[in-house]
Amino acid sequence: MTDELNDSCDVVVIGGGAAGLNGALMLARARRSVVVIDAGAPRNAPADGVHGLLGREGMPPAELLERGRAEVRGYGGRVVTGEVTGAIREDDAFLLELADGRTVRSRRLLVTTGLVDELPDVAGLRERWGRDVVHCPYCHGWEVRDRPIGVIANGPMSVHGALLFRQWSDDIILFTHTMDAPTGEAAEKLAARGITVIGGPVAALEITDDHISGVRLADGTVVPRAVVTVGPRMVARSEILRKLGVEAVDHPSGAGVYVPTDAMGRTEVPGVWAAGNITDLSAQVGAAAAAGAFAAAQINADLVEEETRQAVADHRRGFSRAAEAEVSNQVLGERRHGLSDNR
């Protein structure tokens, strides 16, 4: 089979990361016609490997996704490269338009477009992102263990992040950057764990021989560090959902912007589900994949209910027509019998 985009299908999955592919796999195994449309910009592309995923520990992200695409295709699903730029509700379906002008209709949507990491305006952060600039201790802590780590404050979770990374290294410095220095209980926790706090804005990272060698402050001071961690502002990629009337909102933790759903993965717009990092900013690959599979099961169940209602209605109409035909035949038979008696 090919991955050509058909005119219509049961479900379109927008986003081909772990959540989207696992959702598509579940739907394809449920004998649904499903198409994954992926723009090819995975969030974890800079990372060397996926961590914390049982059976796939350390696998390069690109290899994991390629295996996932092959599995979806193996059950008849389609994976199409493209960017969805338009989405409208049309009668009982959704009409999607891609950037290249192609269109597809679907009965249900599963949106798994993930999020964007917004980093502070510090020279070198973006260039080293996913290598020796990291954000998640559970994703990267083991790989940076026992190294001098600098934590650049970037929001209300910065002290928490510094305390977490202390589990992997006893050489932690918290740079307050543009934030106020911790006080009270927060300052006491940092001091008790031996975490140094340095005030003042960070200007840039020092890069030597393709690796971080230090953190340069605005006053020119360079503090030697081998690894930098920063908590990005995580913003859901929700443009398509917005076109359908689903709005992203600020996350209660202050970590960024997400799309709320109910416990089944439904958004507030009927027929539209969302899963993965777009709804759970902190979900790792395994959790995102599980959420995609769960949402897909709910979508299939919703389609089954719809098809069953239609089958019942058709059955009732068929029974009604059969009953009407039986009555009509009985009346006709009585009339013929009456004519026979009058002869």
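The shown structure was predicted, so the numbers you read here are calculated from the model rather than taken from an experiment.

## Focus: the packing of helix H1 (residues 18-29) against helix H2 (residues 61-74)
At their nearest, the axes of H1 and H2 sit 9 Å apart, and the two run at 20° to each other. One way to sum up the angle between H1 and H2 is to call them roughly parallel. Here the hand of the crossing between H1 and H2 comes out left-handed. Residues Ala-18, Leu-21, Ala-24, Leu-25 and Ala-28 of H1 form the contact with H2, whose participating residues are Leu-65, Gly-68, Arg-69, Glu-71 and Val-72. Split by residue class, the contact of H1 with H2 holds 7 nonpolar, 1 polar and 2 charged.

## A short note on the sheet that holds strand S10 (residues 172-175)
Ordered in space as S8-S15-S9-S10-S11, the 5 strands form an open sheet in which the pairing is parallel. Of all strands in the sheet, those with a lone pairing partner are strand S8 (133-134) and strand S11 (196-198), marking the two edges. Direction of pairing for S10 relative to S11: parallel, over a ladder of 3 bridges. The residue bridging Ile-173 from the neighbouring strand is Thr-196, located in S11. Strand contacts of helix H5 (residues 158-165): S8, strand S9 (149-152), S10 and strand S15 (227-230), with the helix running at about 170° to S10, the strand carrying the most contacts.

## Section: the layout of surface pockets
Roughly 320 Å³ of volume is contained in the second largest pocket. Among the secondary structure elements, those contributing two or more residues to the lining of the second largest pocket are H1, H2 and helix H8 (285-341). With 6 residues, the top contributor of residues to the lining of the second largest pocket is H2. Per-class residue counts for the lining of the second largest pocket are 9 nonpolar, 3 polar and 3 charged.

## With respect to unusual backbone geometry
One non-glycine residue with positive phi stands out, namely Arg-31, at about 65°. Structurally, Arg-31 can be placed in the loop between H1 and strand S2 (34-38). For His-177, which is not glycine, the phi torsion reads 55° and is therefore positive. For His-177, the location among the structural elements is in the loop between S10 and helix H6 (184-192). Owing to a relative accessible area of 10%, His-177 belongs among the buried residues under this scheme.

## Digging into the UniProt feature "domain: FAD/NAD(P)-binding" (unreviewed entry) in the chain
Using the residue numbers shown here, the UniProt feature "domain: FAD/NAD(P)-binding" (unreviewed entry) corresponds to residues 10-291. With 22% helix and 30% strand, residues 10-291 has end C-alpha atoms that lie 19 Å from one another.

## Things to note about the nonpolar core
In this structure, Val-12, Ile-37, Leu-96 and Val-272 are the most contacted members of the largest nonpolar core, which totals 25 residues. Listing elements by their share of this core, those giving two or more residues are strand S1 (8-14), S2, strand S4 (84-90), strand S5 (93-98), strand S6 (103-111), helix H7 (239-243) and strand S19 (272-274). The residues touching Val-12, leaving out its near neighbours within four places in the chain, are Val-35, Ile-37, Leu-96, Val-104, Ser-106, Arg-108, Leu-109 and Leu-110. In terms of nonpolar packing, the next biggest core, distinct from the first, is built from 19 residues, Leu-25, Ala-28, Val-36 and Ala-275 among them.

## Details of the sheet that holds strand S16 (residues 233-236)
A sheet is described by the order of its strands in space; here 4 strands give the open sequence S7-S16-S18-S17, paired in mixed fashion. Of all strands in the sheet, those bounded by a partner on one side alone are strand S7 (115-118) and strand S17 (249-250). Judged from the 2 bridges that link them, S16 and strand S18 (residues 256-258) form a sheet pairing that is parallel. Residue pairing for S18: Val-235 is matched across the bridge by Val-257.

Reading guide: rules and limits
Residues numbered from 1 in each chain as written. Predicted model: local features only at pLDDT ≥ 70, side-chain atom pairs only at ≥ 80, totals over all residues. Heavy atoms only, no water. Axes fitted to C-alpha atoms, helices over the stretch in contact; angles between N-to-C directions. Helix = DSSP H or I, 4+ residues; strand = E, 2+ residues; numbered from the N terminus. Parallel < 35°, antiparallel > 145°, perpendicular 65-115°, else oblique. Left-handed = near helix turned anticlockwise from the far one by under 90°. Contact = heavy atoms within 4.5 Å. Nonpolar A, V, L, I, M, F, W, Y, C, P; charged D, E, K, R; others polar. Pairing = 2+ DSSP bridges. 1 Å grid on protein atoms, 1.4 Å probe; cavity = no way out; pocket = protein on both sides within 12 Å on 5 of 7 lines; lining within 4 Å. Points joined across faces, edges and corners; volume = space filled by probe spheres on them. Buried < 20%, exposed > 50% of the residue type's maximum accessible area, 1.4 Å probe, protein only. UniProt positions renumbered as here; feature names shortened; annotations may be inferred. Core = buried A, V, L, I, M, F, W, Y, C linked by side-chain atoms within 4.5 Å.

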